[in-house]
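Letter by letter, the chains look like this.
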Amino acid sequence: KKVLVTILALIGTVISVSAQEVEAKIKIPEGYQGFLEQGTRYHFWGDETSSVDVSTTHGFYFNGHTYAGIGIGVSAGRQHTLVPVYTSIKHVFYNDRYISPVGQVRLGSYLGDDFGTYADLAVGVRFATKRDFALTISAAVSYFEPFKEEVWNWESSTTESETVDFSGASLRFGIEW
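Residues numbered from 1 in each chain as written. Predicted model: local features only at pLDDT ≥ 70, side-chain atom pairs only at ≥ 80, totals over all residues. Heavy atoms only, no water.

Trainee: When you look at unusual backbone geometry in this model, what are you seeing that I'm missing?
Mentor: What is expected of a backbone is that most residues other than glycine have negative phi and most peptide bonds are trans. Of note, Ser 157 is a non-glycine position whose phi angle comes to about 55 degrees, a positive value. Mapped onto the elements of the fold, Ser 157 is located in the loop between β8 (147-153) and β9 (158-164). Of the residues examined, Ser 157 reaches a relative accessible area of 47% and is grouped as partly exposed. (Helix = DSSP H or I, 4+ residues; strand = E, 2+ residues; numbered from the N terminus. Buried < 20%, exposed > 50% of the residue type's maximum accessible area, 1.4 Å probe, protein only.)

Trainee: Honestly, the pairing of strand β3 (residues 66-76) in this entry has me stumped. Any pointers?
Mentor: Every other side chain in a regular strand lies on the same face of the sheet, so the side chains alternate between the two faces. The alternating pattern of β3 places Tyr 67, Gly 69, Gly 71, Gly 73 and Ser 75 on a buried face, while none of Thr 66, Ala 68, Ile 70, Ile 72, Val 74 and Ala 76, on the opposite face, is buried. By the bridge criterion, 10 bridges tie strand β2 (residues 50-61) to β3 in an arrangement that is antiparallel. If you follow Val 52 over to β3, its bridge partner there is Ala 76. Where β2 hands over to β3, the hairpin turn is made up of four residues, of which Gly 64 adopts a positive phi near 85 degrees. Strand direction decides the pairing type here: β3 and strand β4 (residues 81-92), joined by nine bridges, are antiparallel. The residue bridging Ala 76 from the neighbouring strand is Thr 81, located in β4. Hairpin connection from β3 to β4: four residues lie between these consecutive antiparallel strands. (Pairing = 2+ DSSP bridges.)

Trainee: Can you walk me through the environment of Phe 166 in this structure?
Mentor: Mapped onto the secondary structure, Phe 166 falls in the loop between β9 and β10 (168-176). Judged by its relative accessible area of 1%, Phe 166 falls in the buried class. Between the C-alpha atom of Phe 166 and that of Pro 146, which follows or precedes it by 20 residues, the distance is 7.1 Å. Setting aside residues up to four positions removed in sequence, Phe 166 forms contacts with Arg 41, His 43, Glu 48, Ser 51, Ser 75, Gly 77, His 80, Leu 82 and Phe 144. (Contact = heavy atoms within 4.5 Å.)

Trainee: How should I be thinking about the packing of aromatic side chains in this particular structure?
Mentor: Given two aromatic rings, one states the distance between the centres and the angle between the planes to describe the pair. Here the structure, examined in full by the defined rule, presents 10 aromatic pairs. On the basis of an interplanar angle of 80 degrees and a centroid distance of 6.1 Å, the ring pair of Trp 152 and Trp 154 is categorised as edge-to-face. A relative accessible area of 72% means that Trp 154 is categorised as exposed. In textbook terms, an aromatic cluster arises when at least three aromatic residues are bridged by ring pairs, as seen for Tyr 86, Tyr 110, Tyr 118, Phe 144, Phe 147 and Phe 166. (Phe/Tyr/Trp six-rings, centres within 6.5 Å; stacked < 30°, edge-to-face > 60°.)

Trainee: Would you mind going over the nonpolar core with me for this structure?
Mentor: One finds Leu 82, Tyr 86, Tyr 110, Tyr 118, Phe 144, Phe 147, Val 164 and Phe 166 forming the largest nonpolar core, which totals eight residues. Residues contacting Phe 147, with those up to four places away along its chain left out, are His 80, Leu 82, Tyr 110, Asp 113, Asp 114, Glu 162, Thr 163 and Val 164. Of all hydrophobic cores here, the second largest spans six residues; its members include Ile 28, Tyr 61, Tyr 67 and Val 102. (Core = buried A, V, L, I, M, F, W, Y, C linked by side-chain atoms within 4.5 Å.)

That is the geometry; function is a separate question.
Spelled out as structure tokens, the structure:
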């Protein structure tokens with residue numbers, strides 16, 4: 001009986017040490033990291049019901065948890081295409097685990113059919129696969145400052161002003177290298 005307990009304790013110790021070694025190998029390095037994300041945003045208001053978003057962000061991890069960078073994206077709907085340019089702050093809550101919650105804030109402007117304010121808040125999960133590579137899935141809420149568009153009304157033969165609003169919620173998939 002003592003031998004069985006000793007063997008189980010030894011196996012448990014080996015598994016514990018092995019797990020700690022694996023955990024240490026996935027630690028996020030400080031320094032440069034790049035991100036590429038793609039998602040579909042469903043708009044809250046307006047005629048544009050959805051858009052496809054692609055963005056890339058490049059910057060630095062400062063302490064293994066907090067990332068700061070700049071980025072650019074493309075948000076393409078049926079009738080309009082906007083290009084957000086932004087700064088990004090991202091926080092990885094557990095930098096030494098394979099799976100960790102993450103939060104991200106983006107602030108900037110967009111260009112395209114008009115010029116306006118852009119803001120984005122995302123929360124998600126980071127799946128580490130190697131030291132410098134990870135996959136992310138996140139839910140985001142994006143704000144694009146609404147803009148006016150002149151539209152010809154064929155029935156009344158007049159020009160009317162319509163508000164275009166790209167704000168909405170999205171599901172994003174990304175890679176980190």
